[in-house]
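Summary of the model geometry
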Number of protein chains: 2
Amino acid sequence: MGELATMFAPERVAVIGATESDGSVGRAITENLAADYEGDIVPVNPNADQVLGFECYEDVGSVPGTIDVAVVVVPGSIAVDVVESCGEHGVENVVVITAGFSEAGSEGASREKRLREVASEYDLNLVGPNCLGIISTGVGMNATFAPQNAQPGSISFMSQSGAFITAVLDWASDHDVGFRDVVSLGNKAVLDEGDFIAEWGDDPDTDVILAYLEGIEDGGRFIETAREVTQDTPIVMVKSGRTEAGASAAASHTGTMAGSERAYEAGLEQAGAIRVDNTQELFDYAGILSGQPLPDGDSVAIVTNAGGPGVMTTDAIGDSDLSLASFTDETLSDLSAALPDGANIYNPIDVIGDADVDRFAEAIDVTLEDPNVGAAIVMACPTATLSFEDLAERTVALQAKHDKPIAASLMGGDSTREAQATLSEDGIPTYFDPARAVRSLDALRRYREIQAREYDEPTEFDVDRERAREVLEAAERRNTSRLGVEAMDLLSAYGIPTPAGEIVDSPGDAEAVAERLADGEGVVMKIVSPDILHKSDIGGVEVGVQPSEVADTYEDLVVRARNYQSDAKILGVQVQEMLDMDGATETIAGMNRDPQFGPLMLFGLGGIFVEVLEDTTVRVAPVSEPEAQNMVDDIESAPLLRGARGREAVDEAGIVETIQRLSQLVTDFPAILELDINPLVATPDGVSAVDVRLTIDQEKL
Amino acid sequence: MGELATMFAPERVAVIGATESDGSVGRAITENLAADYEGDIVPVNPNADQVLGFECYEDVGSVPGTIDVAVVVVPGSIAVDVVESCGEHGVENVVVITAGFSEAGSEGASREKRLREVASEYDLNLVGPNCLGIISTGVGMNATFAPQNAQPGSISFMSQSGAFITAVLDWASDHDVGFRDVVSLGNKAVLDEGDFIAEWGDDPDTDVILAYLEGIEDGGRFIETAREVTQDTPIVMVKSGRTEAGASAAASHTGTMAGSERAYEAGLEQAGAIRVDNTQELFDYAGILSGQPLPDGDSVAIVTNAGGPGVMTTDAIGDSDLSLASFTDETLSDLSAALPDGANIYNPIDVIGDADVDRFAEAIDVTLEDPNVGAAIVMACPTATLSFEDLAERTVALQAKHDKPIAASLMGGDSTREAQATLSEDGIPTYFDPARAVRSLDALRRYREIQAREYDEPTEFDVDRERAREVLEAAERRNTSRLGVEAMDLLSAYGIPTPAGEIVDSPGDAEAVAERLADGEGVVMKIVSPDILHKSDIGGVEVGVQPSEVADTYEDLVVRARNYQSDAKILGVQVQEMLDMDGATETIAGMNRDPQFGPLMLFGLGGIFVEVLEDTTVRVAPVSEPEAQNMVDDIESAPLLRGARGREAVDEAGIVETIQRLSQLVTDFPAILELDINPLVATPDGVSAVDVRLTIDQEKL
């Protein structure tokens, strides 16, 4: 068990603000607690001697003995003081139901700041404020004011919306869905999703962690925790505010600052969380993950008494990452023996409409025996010869016999009710729509894949960190936050190849460098100024300059810069070797910082691929080698790097290494807020960062 | 009413093969008919005097008076004879339940051929064979052997799978879903989906047409019929066999020859059918389309008592083609007056957790009054202060008052049951998952858009059809089915611009043509041979040939062709003007024939866009001008034609016209099986078909 063990298995719970007053939250919580809680209930209220038959105390200090959990339902004005007295008297776990904190304007925000300080001073495990409370069915504790309690089960569920918890509990009571722990996160002043994920990951009685979140407080910590937890326990979550409209609704609802949706998408994927878009999937996936074993492979057998719905199911498999199992010869011959003429022994198996339960069950049995079959879908339409209830019983037995996951689609109404209950007791989900059965099995496959992940450590390249710091500090001394080609050394220091070149500040020096660098094709010359972001647009770049023209070109570049902005700070002119662009592809590697997830790496092909087709991919840094490779694999235009249409393949390994080195750079220097290598030219022989632009935060140096 | 009126409103139904024998299909059908049918039931069976109390006749001929519908359940061996005698005795409508036709091998296929001939001879409206039967609740007729009857309603439903009908009826009886007519299509030997769509389109009592199809017999006719029908009646359908796996499952199930999924996708879209992927959407959409009015616009208001679920709903709107309504100042001020502090008066409206039904209803009322609001979602979580049932009643009243569509999400279990029934009586759907409510409203929006469509006639360009025929006939005379640049005249005849050029058969003629065509850049020369498909690959194309080199190049091209294939038929060499490729973009316009939908037009950008990014779009021909324009709009790389990244925009109108002219060509000549203009070069000044390849079927000339 984790650090929050006593929170979820307390022996003594105090309700501070308990009351008998009708319709009050203090009464609702005390009543909910009184219903099933195995431990002691201690009401605290200076104006009562008893609450609902329990002896009531004036304040926390006057309660004899230890309080494991204090639930605070006092008015906002005194809530922080009450929490402080909890701390003073040794309470470790506090659940603050009281509202009127950061969700309620600036006064509330400063109240929440004080609350956080108090919690920190006394090292409190604090849930809320502004929440519905917590439930732990293991000890029968319902410390919420929800109208409906949770049934016991193995799903632990947290939600940033209290109302959603009440909805889910109401629905769950009617759908035989049970919970281990339930937490209403409220404003997450102290404890957040990362804490509960860690706790439930350590809890042997939690099979699945569900979450409804509108934001994640600390993306990096979330990824780290979730990666470990999901080795044993799946996490299924709705992260709402996905769309622009949704994000602004979330902001007005809880004040959640939306990080970028792309960061969430990448970060949650990297964390191993299974993200879903709606409540139906949330509970469909929770159900099958807590009820069925993981499949060995991704191939599925369909056994049905109806051809048409079998086709629909097959389509749903085609839409998923599952595949239709190919049976062994033995299976085919067994099926052939077991099934009549007209039946289909190939997947989807059609036992046909006149099948009774024996024929149906034999087909399921033979199929599950097949080593090529990882999971099965049992799908039946109502017929005169088949009882859904019999089929359910046989399916449960066969599932147990073969220990392979099954999802059912019993296509009917009332007539399926009993069968559904039988299947559900064994953890086999059943749906009218076979597409839902397929998606649920696909969730199992996905979790198996997550569980099998190995998270490689990011490679630590041998880099010249001091030199990089010098480049950044030089910018600081120039009092600028924007750097361009003058920062090429930053890349070199981290082992990212750049074209040979130098920044010079006189036509003469330019000539000297050009003499050294130029081959027949001449050199590239670029104006170097922190005030000029788009050099090409103002004529600040000249390509193929012959040494004889270098001095004149130097002057031209400076004049153009001055014409553009008379007081532009000009650091000089960069003279760079010409790259052989034959067989070269321009790519982009970059980074910006997300408020929740920190450094977000980006990769894509340059030009139209980024600007028109928006074919880019992102990952939260630091990225390991496989993650960097995945970034390249992810883009749709990747074949262009690999010799599509008769081109020579470029140095893909060089790209992958550059992404990693860049990841190391931006991880080492939080002062780098944004950085773009554009273009990172890739040729069959290597890569070269031809241009760079970055923004730094001097405060963070 | 349509041509099949007597089939769905018969006064007299004969069951040929009726019997009392236990567990037989003949008994099941007679029993089902006897249950509710308002008309006369006439069993026909030579071995019985009575069946279930109805007087039984020896054969169809001995039945006095008219039979409106004959249901045939006799053995396969005599089924065709029985149908023939139906025809002889003036029966117009025949439903053949009997199996053992094309679904059962070659013998069955020839039996089905005979059945079709008989039907044609007597002009029979024949359903099946190999089907479950038909239902028409208007006259209480259940002429199926399904275990469950349909409740009356306004949905007419056809299915290529009989089992799916039994499943749907079982489910529907439990979900208050009613039907007008139900048809099990079976093998579709005579009547197919097009016939029933036409019939139900004419039926004032059918509000929505639902279909489960594995294939469409005649795509062109389907599009034509559906376009007309969907002006008044929405069509929602599952066309299964979408995926490769599904298509092969469908083929083994019903022998349906899969046309290309892309053709179905385009064809059904062009037809105005709303295609869904699964049964949940099929019935969700049917429910709202039959229960709610169409929205005026696409903007939706959300009224909720719970912030978090409001955010989820907003996300779902972001995922759809709906938008979040912006309220008028009047609405905002009314909401502000009606709602307490802490409520959110902006969309999504949060009436907050302590709202009673009056506050909730007032917010709904004010919102629906707003002219900016096209539709509303009423979403509630369980609270102590709100009764779902009261909310349902008020919602029904407000829906009637404002006549705007509403979908509800009552988030709970059993506690929502009664409210759900109240809403459902008024045709307001309710779901636990708000995302389903959003998708259902989006189906209304989509149908409104379909209803508003104007299907322009394809433009009839003035073309030289005779000249085109000559080109094709010339190929026929050469006994070849493949044509290349020698068919450029085909394009010219249809007004598609081609570069100036001629096919010559001697070096001297080549020189003469080159002298005439060459500017400073020279000419293009291509070998012309039906046996050489990929001219460039064998060195059969030379670009920028100066007049002085033309004679030598001629010989070179011929030698290379002979080296490639010594007996290649060489028609000569094409000498073409050089195009100015500055600012040019290569595109592809093509056509191939789909077995169901006929000529399928394709458009895309050339090179990597087709080969690597697969960025192409298709439409069933003939295409009108707006459809051709849509094809260009559809591709992701379209911005490259419109001046992205500082390029000059190309002649998009020229592309659109070329697509239409090509559409007219392939519609005029069914002999053209495939045709590709690749590249169709587009410049700012116009378009030019630089190369063409086609395959023809000489039989069809």
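Everything numeric in this text was worked out from a predicted model, so none of it was measured.

Turning our eyes to something else, we now look at the UniProt feature "domain: CoA-binding" (unreviewed entry) in chain A. When the UniProt feature table is mapped onto this chain, "domain: CoA-binding" (unreviewed entry) is found at residues 7-101 of chain A. Helix makes up 28% of residues 7-101 of chain A and strand 23%, and the two end C-alpha atoms of the span are 23 Å apart.

Residues and elements named next belong to chain A. That bond from Ala621 to Pro622 is cis: its omega, 0°, falls within 30 degrees of zero. Positive phi outside glycine occurs at Lys188, with the angle close to 55°. Counting through the fold element by element, Lys188 comes out in the loop between β11 (178-184) and α6 (193-201). The phi dihedral of Ile352 falls on the positive side, at around 60°, and the residue is not glycine. Mapped onto the secondary structure, Ile352 falls in the loop between β17 (349-350) and α13 (357-369).

Now for the domain arrangement of chain A. For chain A, the assigned domains are domain 1 (5-289), domain 2 (293-449), domain 3 (465-470 + 479-577) and domain 4 (585-700). The centre of domain 2 of chain A, based on its C-alpha atoms, is set 45 Å off from the matching centre of domain 4 of chain A.

Here the focus is the pattern of salt bridges. Residue and element names in this part refer to chain A. Throughout the structure, instances matching the rule amount to 76 salt bridges over all chains. The shortest N-O distance in the salt bridge between Arg221 and Asp195 comes to 3.5 Å. Taken together, the residues Arg221 in helix α7 (residues 219-229) and Asp195 in helix α6 connect sequence positions 26 residues apart. Assessed through its relative accessible area of 31%, Arg221 is described here as partly exposed. Between Arg453 and Glu269 there is a salt bridge; the shortest N-O distance is 2.9 Å. Taken together, the residues Arg453 in the loop between α16 (434-451) and α17 (465-477) and Glu269 in helix α9 (residues 261-271) connect sequence positions 184 residues apart. Since its relative accessible area comes to 21%, Arg453 is described here as partly exposed.

Before going further, it helps to examine the relation of the copies chain A and chain B. Note on the identical chains: chain A maps onto chain B by a rotation of 180° and an axial translation of 0.0 Å, with an RMSD of 0.0 Å. Here the copies are linked by what is in effect a two-fold axis. Distance from the rotation axis, computed per C-alpha, reaches its smallest value in chain A at Leu613 of chain A: 5.0 Å. A shared interface surface links the copies, since 100% of the contact residues of chain A are contact residues in chain B too.

Phe179 of chain A together with Phe179 of chain B are the most contacted members of the largest nonpolar core, which has 110 residues in total. If we skip the residues at most four places from it in the chain, Phe179 of chain A touches Thr137, Ala150, Gln151, Pro152, Gly153, Ser154, Ile155, Phe157, Val168, Leu169, Ala172 and Phe283 of chain A.

Moving on, we come to the interface of chain A and chain B. Across the boundary between the two partners, chain A contributes 66 residues, which contact 66 residues of chain B. Per-residue buried area on chain A facing chain B is highest for Met312, Asp315 and Arg645 of chain A; these three make up 11% of the total on that side. The tally of links between chain A and chain B comes to four salt bridges. Linking Asp319 of chain A and Arg242 of chain B is a salt bridge whose minimum nitrogen-to-oxygen distance equals 2.8 Å. Counting across the interface, chain A meets chain B through 25 residue pairs in polar contact (both at pLDDT 80 or more). Considering each element in turn, the side of chain A that touches chain B owes the most residues, ten residues, to helix α11 (residues 307-319) of chain A.

All names here are of chain B. With respect to topology, seven strands assemble into an open sheet ordered β9-β8-β11-β10-β12-β13-β14, the strand pairing being mixed. Unpaired on one side and paired on the other, β9 (141-144) and β14 (274-276) mark the two borders of the sheet. Going from strand to strand, the sheet's axes swing by 25° on average, the running direction of each strand aside. Here strand β10 (residues 151-159) runs beside strand β11 (residues 178-184); their pairing, made up of six bridges, is parallel. Paired with Gln151 across the bridge in β11 is Gly178.

Let us now look at the sheet that holds strand β12 (residues 208-213) of chain A. All names here are of chain A. Overall, mixed pairing links the seven strands, which are arranged β9-β8-β11-β10-β12-β13-β14 in an open sheet. Strand pairing shows two members of the sheet lacking a second neighbour, β9 (141-144) and β14 (274-276), which therefore form its edges. Put simply, the sheet's adjacent strands are angled 25° from each other on average, direction ignored. Across five bridges, strand β10 (residues 151-159) lies against β12 in parallel orientation. Opposite Met158, over in β12, you have Ala211 as the bridge partner. The sheet contacts of α6 involve β10, β11, β12 and β13 (235-239), and relative to β10 the element is tilted by about 155°.

On to the confidence of the model for chain A, then. With 99% of its residues at a pLDDT of at least 70, chain A reaches an overall mean of 93. Here the predicted complex carries an ipTM of 0.90, next to a pTM of 0.93.

All names here are of chain A. Taking 1.5 Å per residue as the helical rise, α11 with its 13 residues ought to reach 18 Å, and the 19 Å between its terminal C-alpha atoms agrees with that figure. Of all 13 residues in α11, eleven are buried; the element is thus mostly enclosed. Listing the buried residues of α11 in full gives Gly307, Gly308, Pro309, Gly310, Val311, Met312, Thr313, Thr314, Asp315, Ala316 and Ile317.

Residues and elements named next belong to chain A. Turning to helix α15 (residues 417-425), its buried residues are Ala419, Thr422 and Leu423. End-on, the buried residues of α15 take up no more than an arc of 95°, which puts them together on one face. In α15, the exposed positions angled more than 90 degrees off the buried face are occupied by Glu418 and Glu425. At its buried positions, α15 is contacted by α14 (388-402) and β19 (406-410). Looking at the residues trailing α15, positive phi occurs at Gly427, about 80°.

Attention shifts here to the state of the cysteines. Counted under the stated rule, the structure contains zero disulfides over all chains. Looking at Cys131 of chain A, it has no disulfide partner, and the nearest cysteine sulfur is the one in Cys86 of chain A, 14 Å off. Of the residues examined, Cys131 of chain A reaches a relative accessible area of 4% and is grouped as buried. There is no disulfide at Cys381 of chain B, and the cysteine sulfur nearest it, in Cys131 of chain A, is 16 Å away.

Quick notes on the rules
- Residues numbered from 1 in each chain as written.
- Chains lettered and ligands numbered in written order.
- Predicted model: local features only at pLDDT ≥ 70, side-chain atom pairs only at ≥ 80, totals over all residues.
- Heavy atoms only, no water.
- UniProt positions renumbered as here; feature names shortened; annotations may be inferred.
- Helix = DSSP H or I, 4+ residues; strand = E, 2+ residues; numbered from the N terminus.
- Domains from an automatic or database assignment.
- Salt bridge = Lys/Arg side-chain N within 4 Å of Asp/Glu carboxyl O.
- Buried < 20%, exposed > 50% of the residue type's maximum accessible area, 1.4 Å probe, protein only.
- Least-squares fit on C-alpha atoms with pLDDT ≥ 70 in both.
- Contact = heavy atoms within 4.5 Å.
- Core = buried A, V, L, I, M, F, W, Y, C linked by side-chain atoms within 4.5 Å.
- Buried area = accessible area lost by both parts, 1.4 Å probe.
- Polar contact = N/O pair within 3.5 Å; in protein donor to acceptor, adjacent residues only side chain to side chain.
- Pairing = 2+ DSSP bridges.
- Axes fitted to C-alpha atoms, helices over the stretch in contact; angles between N-to-C directions.
- pLDDT = per-residue confidence, 0-100.
- Expected span 1.5 Å × (residues − 1).
- Arc of directions from axis to C-beta.
- Disulfide = S-S within 2.5 Å.

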